Amino acid sequence: MTDADAGVAAPWTVELSARRYRHLDRVSKLLGVALVALGLEMGGNTLGGLSLGLLGAVVALTTVFVHKDQ
């Protein structure tokens, strides 16, 4: 039996209500898109532009690892 089967959250997980999860998800996606756009504006072939694009992708995907209460 694993921790997931027992309903025990792993020490690195965060659980939020459905409403808070939805807000966090929207904010992280918008911030991620803004960072990618800023990276492209700086120049997608420069180190700064690539760094901002990568950071934007990471920020946009952060809520994938957050568990929401049903």
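Residues numbered from 1 in each chain as written. Predicted model: local features only at pLDDT ≥ 70, side-chain atom pairs only at ≥ 80, totals over all residues. Heavy atoms only, no water.

Novice: Explain helix 2 (residues 18-43) residue by residue, including any values.
Specialist: Along its 26 residues, helix 2 runs 37 Å from first to last C-alpha, staying within 8% of the 38 Å computed at 1.5 Å per residue. What helix 2 keeps buried is the set Tyr-21, Ser-28, Gly-32, Leu-35, Gly-39 and Gly-43. (Helix = DSSP H or I, 4+ residues; strand = E, 2+ residues; numbered from the N terminus. Expected span 1.5 Å × (residues − 1). Buried < 20%, exposed > 50% of the residue type's maximum accessible area, 1.4 Å probe, protein only.)

Novice: If you had to explain the side chain of Ser-28 to someone new, which residues and values would you point to?
Specialist: Inspection of the secondary structure puts Ser-28 in helix 2. The buried category is assigned to Ser-28, whose relative accessible area is 6%. Apart from the residues lying within four places of it in its own chain, the contact partners of Ser-28 are Val-59, Ala-60, Thr-62 and Thr-63. (Contact = heavy atoms within 4.5 Å.)

Novice: Can you explain the side chain of Thr-63? Please cite residues and give values.
Specialist: With respect to the helices, strands and loops of the structure, Thr-63 is situated in the loop between helix 3 (47-60) and strand 2 (67-68). Sequence-distant contacts of Thr-63, that is, excluding residues within four places in its chain, are made with Tyr-21, Leu-24, Asp-25, Ser-28 and Lys-29.

Novice: How would you summarise the environment of Leu-50 if you had to cite specific residues and measurements?
Specialist: Counting through the fold element by element, Leu-50 comes out in helix 3. Judged by its relative accessible area of 52%, Leu-50 falls in the exposed class. Discounting residues that sit within four places of it in the chain, Leu-50 has contacts with Gly-43 and Gly-44.

Novice: Please set out helix 3 residue by residue, giving values where relevant.
Specialist: The terminal C-alpha atoms of helix 3, which comprises 14 residues, lie 20 Å apart, in line with the 20 Å expected from a rise of 1.5 Å per residue. Within the sequence span of helix 3, burial applies to Gly-49, Leu-52, Gly-56, Val-59 and Ala-60. Projected onto a plane normal to the axis of helix 3, the buried residues spread over an arc of 95 degrees and lie on a single side. Opposite the packed face of helix 3, turned more than 90 degrees from it, sit the exposed residues Leu-47, Leu-50 and Leu-54. Where helix 3 is buried, its residues touch helix 2. (Arc of directions from axis to C-beta.)

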